[in-house]
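# Descriptive structure summary
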Amino acid sequence: MRFGRVLVAAAIAAIAGWTIPANADPVALSFWYPVDVGGGLTKIVDGLMADFNKTHPGIKVTAVYTGNYDVTLQKIQAGKLAGTLPDVGVTEISSVPVLASLGAAQPLDTLIAGSGGAKFLDKFWPSMLLNSRYQGKVYGIPFQRSTPVLYYNKDAFKEVGLDPNKPPETWAEMASDAEKLTKRDGGRVTRWGVELPLEAFNWFYYALVYQNGGQSLSADGTHVLWDQPKDIGALQYWYDLVNKYKVTPAYTPWNDGPPEFVAGRTAMIWHSTGSQSFMRQHVKFHWGMGRLPKNVQFGPPSGGANMMLYDTDPAKQKAAWTLITWLSAPAQAARWSAASGYLATSMAAWNEPEMQALVKKHPDVLVTKEQLKDAKAEPASPKYAPARDILNGLIKAVLANKEPLVAGAKKATAEANAAMAQ
Amino acid sequence: MGKVALALAGIAKAHGSNAVVRGLDLEIFEGEFFVLLGPSGCGKTTLLRMVAGLSDPDSGRIALGGSDVTSVPAEARNIAMVFQDYALYPHMTVRNNLAFGLKRHRVPRDQIGGRIERVARMLAIEQLLDRKPHQLSGGQQQRVALGRAIVREPLLFLMDEPLSNLDAQVRANTRAELKELQHRLGVTTLYVTHDQVEAMTLADRLAVMNLGRLEQVGRPLDVYRLPATLFVAQFLSSPRLNLLAGEIAGGTVRTPVAVFPTGGASGPGGPVQVGIRPEWLRFSPDPVAGSLPLDVALIEPLGAEVLVHARWPDGELVARVAVDGKLPDRGKVWIDAAASRLDLFDADGRRIGSTPGDAEPSNPREISPPLQPAAARGA
Amino acid sequence: MKRVVGRILLYAAVLIAAALVAMPMYWLVVSALKPSSEIFTATPRWLPGRIEWRNFVNAWEGAAFGRYFINSVGVTAAILFLQLVTSSLAAFALARRRFVGRGFILFAVIGALIIPIQVTFLANFITLQHFGWLDSYGALIAPFAASAFGTFLLRQAFLAVPDAIEDAARLDRCTGLAFLWHFLLPLARPTVVAFVLVALVAHWNDYFWPLIVTNRDQIRTLPIGLAMFVSQEVTTDWNLLMAATLFVAGPVLIVFFLTQRYFIRSHVNAGLKR
Ligand SMILES: Nc1ncnc2c1ncn2[C@@H]1O[C@H](COP(=O)(O)OP(=O)(O)O)[C@@H](O)[C@H]1O
Ligand SMILES: [Mg+2]
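Keep in mind the model is a prediction, meaning the values are calculated, not measured.

Rules behind the numbers
- Residues numbered from 1 in each chain as written.
- Chains lettered and ligands numbered in written order.
- Predicted model: local features only at pLDDT ≥ 70, side-chain atom pairs only at ≥ 80, totals over all residues.
- Heavy atoms only, no water.
- Near = heavy atom within 4 Å.
- Polar contact = N/O pair within 3.5 Å; in protein donor to acceptor, adjacent residues only side chain to side chain.
- Areas by Shrake-Rupley, 256 points an atom, 1.4 Å probe, with all protein chains shown as cover.
- Helix = DSSP H or I, 4+ residues; strand = E, 2+ residues; numbered from the N terminus.
- Nonpolar A, V, L, I, M, F, W, Y, C, P; charged D, E, K, R; others polar.
- Pairing = 2+ DSSP bridges.
- Axes fitted to C-alpha atoms, helices over the stretch in contact; angles between N-to-C directions.
- Contact = heavy atoms within 4.5 Å.
- Salt bridge = Lys/Arg side-chain N within 4 Å of Asp/Glu carboxyl O.
- Buried < 20%, exposed > 50% of the residue type's maximum accessible area, 1.4 Å probe, protein only.
- Buried area = accessible area lost by both parts, 1.4 Å probe.
- Phe/Tyr/Trp six-rings, centres within 6.5 Å; stacked < 30°, edge-to-face > 60°.
- Lys NZ or Arg CZ within 6 Å of the ring centre and 35° of its normal.
- Domains from an automatic or database assignment.

Residues and elements named next belong to chain B. Surveying the vicinity of ligand 1 reveals the residues His 15, Asn 18, Val 20, Pro 39, Ser 40, Gly 41, Cys 42, Gly 43, Lys 44, Thr 45 and Thr 46. In the environment of ligand 1, an oxygen atom lies 3.3 Å from a nitrogen or oxygen atom belonging to the backbone of Cys 42. Lys 44 places a polar main-chain atom, nitrogen or oxygen, 2.8 Å from an oxygen atom of ligand 1. A total of 550 Å² of accessible area belongs to ligand 1 in isolation, and the protein chains cover 56% of it. Elements represented by at least two residues in the shell around ligand 1 include exactly strand E2 (18-29) and helix H1 (44-52). The dominant element in the shell around ligand 1, judged by the number of residues it contributes, is H1, at three residues. Within the shell around ligand 1, the residues separate by chemical class into three nonpolar, seven polar and one charged.

Written as C-alpha cells, this is what we have:
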C-alpha cells in the first residue's frame, strides 16, 4: 500500500517533469562580466569561478565575457525583453538606475537583511555604495571599482625645480606646475604639463565639477546642470588649461594617455587607478601618484562596475546571492584587486595578504585608498545615456574652440534635458 | 515550292496603345530566304521577336513546320537568331559562344567540337576561336553571331538587320557570302532589313512592311517592277519616287509637267497619282509636245549612272541616266513622255496600272494591271 | 624630358601612397614583435631591438583563439554563401523580372540598406529567442542570411546586362536560374568579388552581434577574442593586442593577397567590356 503510494507519487513527479530534490543537479548560474582588461584577467575570473564551484557543490557558475560596458548593457537590455537575463551581471555603475527601472535588476534589500543588513553594507567603502541605489533600494554591489588619480613624473618635477614629493593639491598649483613642466621646441610642444584624457563616460568633467563644489545632475536625476555657475567654472578651468595656459592638449583619447606619460610626452596625467600596473611595467623614470587636485574641495568621481542580480526565482536568487557575497568577501576582493588593479572594495580587504604585499611593494597605492573617502557618485539616471553623449560632444567642441563655452553649455543643457524628458 | 516552314496568321501586337503589328498573315517555305523589308519603326523587330517566342502576340497563331507553336516558349522552338548588335556572350570565348547553345541543347560532347570546326571554317573564323568578343572587329563579331546561329542547325534562322552595323565594304562582301551560305545550308531564313538593296539582293521572296502590315509579298523583281502600292513604289525607289498628280482622259495621263500616253492600258477616267521611278524617267534635250521645259538644276554622277535633277516652277524631278546614254547639258530638258514609264495609283495609293514606256518589263503579261492584294498570297 | 619628369613624379606619388597604406601594416607587425619594454619610447623605434615571439604565445593563450578561428571561418563562410545565394536570387528577380510589388520591394531593400544594426538588433534578438536559436551558430548566421547591400549591388550589376544577351541565351535554351548562373553572375563578377570582399571583412570583423547573441566560448568568434585585449578603463597591452590583431586580420589579409591579382584583373576586364 505504502509502496504503491510512493510509486504513484514518483509517476506524478516524472510526468510533471519534476526533478527529485535530493541529489539534484547543482543550481546553474551565469555570471556576465565586461572585464575590459586583456586576456589575462578573463583567466582570473575563470579561476575565481572555478574556486567558487569547488567550494559550493550545490551551485555551478559559468562566467561569460560580455565585451565592453556598452555592449554588456545592451546585451542585458535585450535579455530583459527576450527573457534571457543572466543570474548575475557586472555592469558600469551608472547602469544601476537604467536596469533597475527596466525591472531587469532585482532589489537586494531582503537578501542583504538576511546577510546582516547594515552590517553587510558597512564593510564597503561608503563612497563605493553611492551608485548602488535606485529609488531607495539597493541594487548594486561593488565589484570592479576604480577612481582616477594623478600620475606625475618625478624626474620632470626635479628638472624644473619642483619638489618631486609634492604633487599639486589645488587647481592653481596644478596650473602653475604644469606651466613650468610644459616644454616647447619653437612653437611645438614636446612635453605637456598635464593631460586629462577623455572617454565616453566624461569622468574628468564630473571630477572638475565636484572639485568646484557643483553637481552635474539634479538630485532627482531628471535634468542636467551643466549651465550652472559651478559647472561652467569647472569647464572654464579645463578650457584655460588648454587655451590660456596652453599646458594640455585639447583632446587626448583615453587609451593614448598612459603611453604618452610613459614616453615622457606629458609630465602629469589624470588616469584610472587601474593603470598602475601598466605604469609599473613600462615607466622608466621616477614617478608617483597623487590625489586629483581640489578647487573648493577634493572630489574624485567613482568609476568601474557593480554586480547586480537578475533572478526572480527565490532558489536561484539565493544561489546568486551566495556568489555575490562570496566575490565581495575580503579574500576574493583582495585577490581580484591585486590581480586587476581595480580597487579593493571593502576595508577588510586591505588587510588580506595580497593587498598587504602590494602596499609593501608599492606604498603609493595608499593614495588610492586615501582618496576613496572623498569619492563622489557618478551621475546616473534611467535616461541619462543620450545626455552622456551630448556632454562628450560639448567638451570636445568647447576645448577645441569650436563652440563658445557658456552658450555651448546652455545649448547642450537644453538638448540633454529635452532628450531625458522623452 | 515546297512545304510551308513558317506560317503566321492574324498576328497582332500592341505596345500599350501603340498597335505595332496589325493582323499580319505570312507563309514562308522551307529553305527559302525571306526578307522582311520596311522602314525603321514599322514593327519588324516586334514581329521577329514573336516568331522567336521572345514575346507573345496579342492575337493570331504561329506555326512552325506545320505545328502550332504560339504557346511554345522560345527555348523550345529550335530557332536561332542573329541580333542586330550580335548579343555575343562577352565573358565567353568565341568557341564557347558557339558551343554554349549546343551544350544547352544536349548535343553529345564528341560532336560539338566537330560542328564548331566546320562552321568556323565555313565562316573563316578559325583563328578567332580563342578570343573574347571584345577582341574582335565589328565584321568578325558579325561572323561569330552568324556562326552561333548556324552551328545550332535550327529549323529557322531569324536575322534582325545583321549587317546594319558594318561599314559599306564589309557589308557588301558579307551580303554576298550570306546569300551563298544560306543556299548552301538550305535553312529557312527570315531576314529583316530596312535596306532595299539588301532585300533585293538577298531575298528569294520579300515582303514590304508598313505600319504593322504587309503591303506586298513577292519575288524581288516582281515587287520592284509592279509595286502594289504607292508606298512600295516609294520605298523601292532611289533616291526617291517622282510623284505627280494626274488625270486619265482619252488614252492619256495628264500631269502638270507632261501628257503621257497610256499605251492602251486604259483605266476608268479621273484623278490618279502618278509615280515615275528615276530610272524609268526619260529626258529629251529637244522640246516634246505637251511637255514643259525643265531647268537642269543639278547633276550627280554616281559612277556608272548619273542623277539628273530637273526643276519646274512647282517642283523637281529626278532621273537616273546611264553614263553612256545622252547626258543633258546644263540648260533646258523636256520629259520624253512616250519613253518614260509610269505607275498609276488611285487616291488610296493602290496600284491601277502602268504605262509601258521604253523600260517595259520583259514579260508583257505582267503589265496589264493585276492589282496585287496587300496581303500575302504565296508564290 | 618632360615625360621623364612626369614619370618620376608619378612614381613618387605612387610610392608615397603605397607607403601610407603599408605604414600601419608595418607598425602592426613590428609592434607585435616587440617586447613590451620597447613599445612606448620617446621616439618611435622602427625595428624591434629584440624579437619577442612570446607575444604570439601569450596572445594565443589569452583567449581561445583556436576555437574562435574555426568558428570565424565557418560562420563567415556560411554567411557569405547564404548572402550570395539570396542576394543573387533577389537581385535577379528585381533586375530582370516584372511583377506586382517590385517597386515596393526594391524600395524596402533600399530602406533596409540605410537602417543601422542598432535599430534591428532587438527585433532580431527576440526572433531568435522565439526560435530557440540564441547562443548557437544559427544566431550568428541566420540574421545575415540575406543582405540588402548585396541585393542592391547585384541588382545594379544585373541591370547592366543587355536584354539582348538574355534573349540570345533563351534561344540557346538557357533561362531562369541557368541564366543567372551562366550569365548574370559571371558578367557581374567584379561586383560579386567586391561584394564578397566587403561582406567578408564586415562579418569576419563583426564583434557586436556575436557578443550579444552568444554566451559560450565554443561558438564565439575571433573579434571577441581580440576585444578581450582592448581595455576601456585600464591600459591595454599593446604588443599583445597587436599580436592578437594579426590572428584576426591575418587570414583576411591573406585572402586579399591571394585574390588581389584576380580582383585587379576583373576590374580591368570590366573596363574593356563596355
Ligand atoms: N518594348 C516596347 N515597348 C513600347 N514600344 C515598343 C517596344 N518595342 C517596340 N516598340 C515600338 O513599336 C514600334 C515598332 O518597333 P520595332 O518592331 O522595333 O520596329 P522596327 O524593328 O521595324 O524598327 C516602334 O514605334 C517602337 O517604338
Ligand atoms: Mg528593329
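Another point: the sheet that holds strand E2 (residues 59-65) of chain A. All names here are of chain A. Across the sheet, which stays open at both edges, the five strands sit in the order E2-E1-E3-E12-E6 with mixed pairing between neighbours. Of all strands in the sheet, those with a lone pairing partner are E2 and strand E6 (141-146), marking the two edges. The sheet shows a mean angle of 20° between the axes of neighbouring strands, direction not considered. By the bridge criterion, five bridges tie strand E3 (residues 88-92) to strand E12 (residues 303-309) in an arrangement that is antiparallel. Bridge pairing in E12 links Thr 91 to Asn 306. On the sheet, helix H13 (residues 314-328) packs against strand E1 (27-33), E2, E3, E6 and E12 and is oriented at approximately 50° with respect to E1.

A few words now on the interface of chain C and chain B. Taken together, the contacts link 18 residues of chain C with 25 residues of chain B. Inspection of the region where chain C meets chain B yields three salt bridges. Taken together, the residues that form the side of chain C that touches chain B break down as 11 nonpolar, two polar and five charged.

Looking now at the environment of Lys 318 of chain A. All names here are of chain A. Among the secondary structure elements, Lys 318 is positioned in helix H13. According to the relative accessible area criterion, Lys 318 is exposed, its value standing at 60%. Taking the C-alpha atoms as reference, Lys 318 lies 7.9 Å from Leu 111; in sequence the two are 207 residues apart.

Tallying the contact residues gives 41 residues for chain A and 34 residues for chain C. Interface area for chain A against chain C, summed over the two sides, is near 3200 Å², with a carbon-plus-sulfur share of 55%. When residues of chain A are sorted by the area they lose upon contact with chain C, Tyr 65, Lys 75 and Asn 255 of chain A head the list and together hold 18% of the total. Viewed at the interface, chain C and chain A are joined by zero salt bridges. In this assembly, chain A and chain C are joined by eight residue pairs in polar contact (both at pLDDT 80 or more). Of all elements in the fold, only helix H2 (38-55), E2, helix H3 (69-82), helix H11 (257-262), strand E10 (268-272), helix H12 (276-282) and E12 of chain A reach the threshold of two or more residues within the side of chain A that touches chain C. No other element matches H3 of chain A, which puts eight residues into the side of chain A that touches chain C. Broken down by class, the residue content of the side of chain A that touches chain C amounts to 17 nonpolar, 19 polar and five charged.

This part covers the packing of aromatic side chains. Residue and element names in this part refer to chain A. Scanning the entire structure with this criterion turns up 38 aromatic pairs over all chains. Note on Phe 204 and Trp 254: the rings are 5.7 Å apart at their centroids and 45° apart in plane angle, and the pair reads as tilted. A residue pair is termed long-range when its members are at least 10 positions apart, and Phe 204 in helix H9 (residues 203-211) and Trp 254 in the loop between helix H10 (229-243) and H11 qualify at 50 residues. Looking at Phe 204, the relative accessible area reads 1%, which means it is buried. Through pairs of rings, three or more aromatic residues link up here, namely Phe 31, Tyr 33, Tyr 65, Phe 143, Trp 336 and Tyr 342. One residue, Arg 388, lies across the ring of Phe 201, its end atom 4.4 Å from the ring centre.

On to the sheet that holds E2 of chain B. Residues and elements named next belong to chain B. Pairing is antiparallel across the open sheet formed by four strands, whose spatial order is E2-E1-E4-E5. Sheet topology places E2 and strand E5 (67-68) at the edges, where each strand pairs with a single neighbour. Bridging between strand E4 (residues 59-64) and E5 involves two bridges; their strand directions are antiparallel. Opposite Ala 63, over in E5, you have Asp 68 as the bridge partner.

Looking now at the side chain of Asp 195 of chain B. Residue and element names in this part refer to chain B. Tracing the sequence through the fold places Asp 195 in the loop between strand E8 (188-193) and helix H6 (196-202). In this structure Asp 195 comes out as buried when scored by relative accessible area, which is 19%. Of the polar contacts made by the side chain of Asp 195, one reaches the backbone nitrogen of Glu 198; its length is 3.1 Å. Discounting residues that sit within four places of it in the chain, Asp 195 has contacts with Leu 37 and Arg 171.

Turning our attention to the pairing of E6 of chain A. One face of the sheet, then the other: side chains in a regular strand alternate in exactly this way. Residues and elements named next belong to chain A. Of all six residues making up E6, six are buried, and the element is well covered by its neighbours. Pairing analysis gives five bridges linking E6 to E12, with the strands arranged antiparallel. Bridging from a neighbouring strand, Ile 141 pairs with Met 307 of E12.

Summarising the chain contacts, two pairs of chains touch, and the pair with the most contacts is chains A and C. With no contact between them, chain A and chain B keep their nearest C-alpha atoms 47 Å apart.

On to the pattern of salt bridges. Residues and elements named next belong to chain B. One pass over the structure, following the stated rule, counts 38 salt bridges over all chains. Of the charged contacts in the structure, one is a salt bridge between Arg 205 and Glu 32, with a shortest N-O distance of 2.3 Å. Of this pair, Arg 205 sits in strand E9 (residues 205-210) while Glu 32 is found in the loop between E2 and strand E3 (33-37), placing the two residues 173 residues apart along the sequence. For Arg 205, a relative accessible area of 2% puts it in the buried group.

On to the domain arrangement of chain A, then. Residues and elements named next belong to chain A. Partitioning chain A into structural domains gives domain 1 (2-145 + 304-373) and domain 2 (148-301 + 383-421). With centres defined by C-alpha atoms, the gap from domain 1 to domain 2 works out at 32 Å. Interface area, domain 1 with domain 2, both sides summed: about 1300 Å², of which 55% is carbon and sulfur. The largest share of the area that domain 1 buries against domain 2 comes from Asp 364, Val 367 and Gln 371, three residues that together contribute 39% of it. Taken together, domain 1 and domain 2 are joined by one salt bridge. Residues Arg 388 and Asp 70 are paired through a salt bridge, measuring 3.2 Å at the closest nitrogen-oxygen approach. Between the two partners, domain 1 and domain 2, sit four residue pairs in polar contact (both at pLDDT 80 or more). Those elements that provide at least two residues to the side of domain 1 that touches domain 2 are H3 and helix H16 (366-372). Here the side of domain 1 that touches domain 2 takes four residues from H16, the largest share from any one element.

Residue and element names in this part refer to chain A. In terms of burial, E1 is largely enclosed, as five of its seven residues are buried. When E1 meets E2, the two strands line up parallel, connected through seven bridges. Paired with Ser 30 across the bridge in E2 is Thr 62. Sheet topology note: the E1/E3 ladder contains two bridges and is parallel. The partner of Phe 31 across the bridge, within E3, is Val 88.

Take the domain arrangement of chain B next. Quoted interface sizes are often the accessible area lost when the parts come together. Residue and element names in this part refer to chain B. With domains assigned, chain B is organised as domain 1 (4-230) and domain 2 (239-352). Each of domain 1 and domain 2 has a C-alpha centre, and these two points are 39 Å apart. At the boundary of domain 1 with domain 2, total buried surface from both sides reaches about 790 Å², with 57% on carbon and sulfur atoms. At the surface where domain 1 touches domain 2, the tally comes to zero salt bridges. Taken together, the connections running from domain 1 to domain 2 amount to six residue pairs in polar contact (both at pLDDT 80 or more).

Those residues of helix H14 (residues 330-340) of chain A that sit buried are Gln 332, Ala 333, Ala 334, Trp 336, Ser 337 and Ser 340 of chain A. Residue Gly 341 of chain A follows H14 of chain A closely and has a positive phi angle near 90°.

As a further point, take the environment of Arg 96 of chain C. All names here are of chain C. Tracing the sequence through the fold places Arg 96 in helix H3 (residues 65-96). Take Arg 96: its relative accessible area is 10%, and that puts it in the buried class. Spatially, the C-alpha atoms of Arg 96 and Val 161 are 9.4 Å apart, while their sequence positions differ by 65 residues. What Arg 96 contacts, discounting residues up to four positions off in sequence, is Ala 91, Phe 158, Leu 159, Val 161, Pro 162, Asp 163, Glu 166, Phe 179 and Leu 184.

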